[in-house]
Each structure stands twice: as C-alpha cells, then as structure tokens.
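Inside the fold
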Amino acid sequence: MRSGPMVVGVDDAAACGRPLRAAVFLARAAGRPLLLVHVRRPAVPMIEGYVPMPEEFAVDREADEAVERELVAALRASGDLEGTEWQLISTTGEAGTELIRIAEERDAACVVVGKRHHGFADVLHRITAGSVSRAVVARHRFPVLVVP
C-alpha cells in the first residue's frame with residue numbers, strides 16, 4: 001500500500017455518503033488521513049479564442065467559495081467524518097483527471113469513487129462529461145474502490 005492518504009471524490013454531502021463512509025472506514029483501518037477532493041466544472045466557457053474578462057473570474061471565485069463553505073458545513077453536520085483526520089481540496093477541471101492528478105501527487109494509498117448514474121439526466125451527464133469512476137479505474141496507478 002502506498003504511503004499517502006485515502007482519497008475520495010466528493011461533490012455534495014448527500015450524494016457522496018456511501019463512498020465517503022467507505023473511505024472513512026479504510027482510512028481508520030489503515031491509520032491514514034482522508035483527503036476529500038471536490039472538483040468544480042469551469043463556469044467560464046473553455047472555447048478556443050474566447051478570452052474571459054477578469055470580472056467573470058471574480059464572480060466564479062465567490063460562487064465557488066460559497067459552494068465550498070456549504071459543502072464543508074454539510075460534511076461536518078453529517079457526522080461521517082467524526083474522529084477522522086481529513087482535509088478538503090477544491091480544484092477546477094474534469095473530475096476524473098483532477099482526482100487522478102491529486103492522487104498521484106499525494107501518493108494515495110487508495111482512491112474511493114462513487115458510481116451513481118441511474119436516471120435519464122444522469123445518463124445524459126455521463127455521455128457528455130464521462131464517468132468519473134470509469135476514468136479513474138482506466139488510468140489508475142493505485143488501488144481504486146468503486147462504491148455503488
């Protein structure tokens with residue numbers, strides 16, 4: 001097992017419950033800290049030739065910080081992290097790519113991801129954005145736990 005933390009992707013406290021609890025269990029069992037990774041999609045269009053104005057970044061940054069504060073509050077309120085050493089990292093980009101990048105940088109002992117595409121809207125999201133769990137499993141260099 002690698003020397004780093006257990007890494008888990010989180011998007012919102014309600015949706016990440018089962019993967020988060022599995023990651024907490026693994027972290028406690030292995031005596032490792034828990035690294036929660038929240039990946040935001042860029043709000044500014046990433047279109048070739050488009051140069052965003054600085055004001056667009058400021059608005060996005062404020063909204064992102066508000067979302068992150070709400071996420072931390074919801075995670076603390078859930079009680080799932082009680083008694084576990086944890087840290088939240090927020091980044092922007094494609095979720096699978098960022099999760100892999102951070103896991104590699106931190107020498108992750110294990111990466112825990114959820115798999116939850118059930119409804120029509122989720123299927124459309126998977127088609128357009130891809131499956132995070134599939135991306136992590138396909139390009140992993142560390143143990144990966146996929147929690148349904």
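For the structure itself, consult the block above.
The structure presented is a predicted model; accordingly, all values stated were derived computationally and were not measured. (Residues numbered from 1 in each chain as written. Predicted model: local features only at pLDDT ≥ 70, side-chain atom pairs only at ≥ 80, totals over all residues. Heavy atoms only, no water.)

**A look at the nonpolar core**
Counting residues in hydrophobic clusters, the biggest one holds 20 residues, and the most contacted among them are Val8, Leu20, Leu34 and Leu36. Looking at which element gives the most residues to this core, the answer is helix H1 (residues 17–30), with five residues. Among all residues touching Leu36, those that are not within four sequence positions of it are Val8, Val10, Leu20, Leu75, Leu81, Trp86, Gln87, Leu88 and Ile89. Counting 14 residues, the second largest nonpolar core, distinct from the first, contains Val37, Ile89, Leu99 and Val136. (Core = buried A, V, L, I, M, F, W, Y, C linked by side-chain atoms within 4.5 Å. Buried < 20%, exposed > 50% of the residue type's maximum accessible area, 1.4 Å probe, protein only. Helix = DSSP H or I, 4+ residues; strand = E, 2+ residues; numbered from the N terminus. Contact = heavy atoms within 4.5 Å.)

**A look at the environment of Leu34**
If you trace the backbone, Leu34 turns up in strand E2 (residues 34–40). Separated by 28 residues in the primary sequence, Leu34 and Met6 place their C-alpha atoms 4.9 Å from one another. Aside from chain neighbours lying at most four places away, what touches Leu34 is Met6, Val8, Leu20, Ala23, Val24, Ala27, Leu81, Thr84, Glu85, Trp86 and Gln87.

**A closer look at the side chain of Glu98**
If you trace the backbone, Glu98 turns up in helix H3 (residues 95–105). Exposure remark for Glu98: the relative accessible area of 11% places this residue in the buried category. The contact partners of Glu98, leaving out residues within four places of it in the chain, are Val39, Thr91, Thr92 and Gly93.

**Structural notes on the environment of Asp11**
Along the chain, the position of Asp11 falls in the loop between strand E1 (6–9) and H1. When the C-alpha atoms of Asp11 and Val37 are compared, they prove to be 8.3 Å apart, with 26 residues separating the residues in sequence.

**Quick notes on the sheet that holds strand E5 (residues 144–147)**
Strand order in this open sheet of five strands is E3-E2-E1-E4-E5, and the pairing throughout is parallel. Whereas interior strands pair on both sides, the edge strands pair on one side only; in this sheet they are strand E3 (86–92) and E5. Looking at each pair of strands side by side, their axes are set apart by 20° on average, direction ignored. Relative to E3, E2 runs parallel, the two sharing seven bridges. What sits directly across from Leu35, in E3, is Gln87. (Pairing = 2+ DSSP bridges. Axes fitted to C-alpha atoms, helices over the stretch in contact; angles between N-to-C directions.)

Nothing here speaks to function; it is geometry throughout.
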